[in-house]
Amino acid sequence: MIEWSASQIRDFQQTLLTWYDNNGRDLPWRRDHDPYHVWVSEIMLQQTQVNTVIPYYERFMALFPTVEALAATPEAKLMKAWEGLGYYSRARNLQKAARQIVNDNSGQWPQTVEGLKDLAGVGPYTAGAIASIAFNQPVPAVDGNAFRVFARLLEIDLDIAKPQTRSAFEKIIARIIPQDRPGDFNQAIMDLGSSYMTAKNPDSKHSPVKAFNQAYLDGVELQYPVKSKKPKPVKVAYFGLVMRHGDQFLMQQRPSGGLLANFWTFPLVAEDDVLALSETPELVTDEERLTLLEQYVRQEFGLTVHVVPMGGKPVKHTFTHRQWVITLLAAQVTADTDLSYFPGKWLSTAALDKIALPKVQEKLFARI
DNA sequence: GACACGTGGGC
DNA sequence: TGCCCAAGTGT
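Quick look at the structure, then. Keep in mind that what you see is a predicted model, and the values were worked out from it rather than measured.

Reading guide: rules and limits
- Residues numbered from 1 in each chain as written.
- Chains lettered and ligands numbered in written order.
- Predicted model: local features only at pLDDT ≥ 70, side-chain atom pairs only at ≥ 80, totals over all residues.
- Heavy atoms only, no water.
- Near = heavy atom within 4 Å.
- Polar contact = N/O pair within 3.5 Å; in protein donor to acceptor, adjacent residues only side chain to side chain.
- Helix = DSSP H or I, 4+ residues; strand = E, 2+ residues; numbered from the N terminus.
- Contact = heavy atoms within 4.5 Å.
- Nonpolar A, V, L, I, M, F, W, Y, C, P; charged D, E, K, R; others polar.
- Expected span 1.5 Å × (residues − 1).
- Buried < 20%, exposed > 50% of the residue type's maximum accessible area, 1.4 Å probe, protein only.
- Phe/Tyr/Trp six-rings, centres within 6.5 Å; stacked < 30°, edge-to-face > 60°.
- Lys NZ or Arg CZ within 6 Å of the ring centre and 35° of its normal.
- Arc of directions from axis to C-beta.

### A word on the protein's contact with DNA strand C
Consideration 1: Neighbouring DNA strand C are 27 residues, the closest being Gln47, Gly121, Asp143, Asn145 and Arg148.
Consideration 2: Backbone atoms, meaning sugar plus phosphate, form 69% of the atoms of DNA strand C positioned within 4 Å of the protein.
Consideration 3: Within the backbone of glycine 123, a nitrogen or oxygen atom sits 2.8 Å from a phosphate oxygen of DNA strand C.

### Considerations on the environment of threonine 15
Consideration 1: With respect to the helices and strands, threonine 15 occurs in helix H1 (residues 6-23).
Consideration 2: Spatially, the C-alpha atoms of threonine 15 and valine 209 are 7.0 Å apart, while their sequence positions differ by 194 residues.
Consideration 3: Excluding its chain neighbours within four sequence positions, the residues that come into contact with threonine 15 are Pro208, Val209 and Phe212.
Consideration 4: A distance of 2.8 Å separates a polar side-chain atom of threonine 15 from the backbone oxygen of aspartate 11.

### Digging into the protein's contact with DNA strand B
Consideration 1: In the vicinity of DNA strand B, 22 residues are found, and the nearest of them are Gln164, Gly258, Leu260, Thr320 and His321.
Consideration 2: Near the protein, within 4 Å, the atoms of DNA strand B are sugar or phosphate in 65% of cases.
Consideration 3: Histidine 321 is positioned such that a nitrogen or oxygen atom in its side chain is 2.6 Å from a phosphate oxygen of DNA strand B.
Consideration 4: Residues belonging to the surface near DNA strand B are distributed by class as follows: 7 nonpolar, 12 polar and 3 charged.

### Section: helix H3 (residues 50-63)
Consideration 1: With 14 residues, H3 should cover 20 Å at 1.5 Å per step; its first-to-last C-alpha distance of 20 Å lies within 8% of that length.
Consideration 2: Taken as a whole, H3 has its buried residues at Val53, Tyr56, Tyr57, Phe60 and Met61.
Consideration 3: Against the buried residues of H3 lie helix H2 (35-44), helix H4 (67-72), helix H5 (75-82) and helix H6 (89-104).

### Examining the side chain of glutamine 252
Consideration 1: Structurally, glutamine 252 can be placed in strand S3 (residues 248-253).
Consideration 2: Assessed through its relative accessible area of 13%, glutamine 252 is described here as buried.
Consideration 3: A polar side-chain atom of glutamine 252 sits 3.1 Å from the main-chain amide nitrogen of leucine 268.
Consideration 4: With residues up to four places along the chain from it excluded, the contact list for glutamine 252 reads Phe263, Trp264, Thr265, Phe266, Pro267, Leu268, Phe301, Phe342, Pro343 and Gly344.

### Describing the packing of aromatic side chains
How two aromatic rings sit relative to each other is given by the distance of their centres and the angle of their planes.
Consideration 1: Inspection of every chain in the model, using the stated rule, returns 21 aromatic pairs.
Consideration 2: A centroid spacing of 5.4 Å and a plane angle of 75 degrees characterise the contact between phenylalanine 12 and phenylalanine 212, whose relative ring orientation is edge-to-face. Linking phenylalanine 12 in helix H1 with phenylalanine 212 in the loop between helix H11 (182-193) and helix H12 (214-217), this pair joins segments that are 200 residues apart in sequence. Grouping residues by exposure puts phenylalanine 12 and phenylalanine 212 together as buried.
Consideration 3: Sitting over the face of the ring of tyrosine 56, arginine 59 holds its NZ or CZ atom 4.8 Å from the ring centroid.

### Quick notes on helix H10 (residues 165-176)
Consideration 1: For H10, built from 12 residues, the straight-helix expectation of 16 Å at 1.5 Å per residue is met to within 8% by its first-to-last C-alpha distance of 17 Å.
Consideration 2: For H10, the complete set of buried residues consists of Thr165, Phe169, Ile172, Ile173 and Ile176. For H10, the angular spread of buried residues about the axis comes to 95 degrees, placing them on one side. Turned more than 90 degrees from where H10 packs its buried face, Lys171 and Arg175 sit exposed.
Consideration 3: Looking at the buried residues of H10, the elements they touch are H1, helix H9 (144-154) and H11.

As structure tokens, this is what we get:
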């Protein structure tokens, strides 16, 4: 990597901030520096693109205009507001943190990185973003943009996928961040990272800081940032049971931890669990699998059903680390079935409209 | 420190 | 299609 002199740092600050003053994006959460606005937007923006967040942010502020309103809202209303945005623990942590502020801290915001990090769902990046933007603290906010921008500007070849790399970047950026406009500086870096210095197809030729971009000047821009690869999603096959009675569906609530925690879906049975009922799973035919599925549902759920394939291709849904392949089956069951052993209940379409559903369940509904 | 945790967009 | 990326945090 290279290092900048004090005068190069001053030049960079001025060039960046002048560009930001004239070209910074006009975003809904930039209308003021209210910590509630900054905080909610930063949580929504975690691993999520700006254009996706904008409508969610607008609706969220209309529903929950203050941290007190958020702290007091019922969970179902909160999750409905977050429906489709993903990483749902963000929403639960958001309310947890709101209650920390309202109940434990009498409505007062922590104003330092250390204090902010004690809030649920606020890590080193978000704490730095709130501290610098809302409270004018001269601290870095190192997100994916900052990693990429500074890795290219200074040809930093540390692997940004490794946790310890963060502190190295924070030290480097701490020397460069201007004491008087830290929030604008951090946001300018993000705007730069999403315009001229993008991950793919960067346009450094026209970038306001191209003279400072060592990787570009050396023709090795796309070698930065260095980032080790993550494993591919693991495929998991499920049977999805469609049990309908009038305008109600028999739905299953997922466990309170793990993927899509607490969400309602059609009952999903892992094919591996079904095949485990056979002593020779590798020899099981398609017809036998359905018989085994009926056996599984009887044993595990206490439901006697007859399943019929619904036709069409299986529904695929990919998460960060899992790919679900769901074969839909119509299962006959009566509404007065004994559900004592089944972790779910009948839900009407009206009830389903009121609760948040994950995208994968929306895909399943679209197929029936 | 490695992995879990959603969804949508771009090529 | 498959893969990578997008304003990360919790465990």
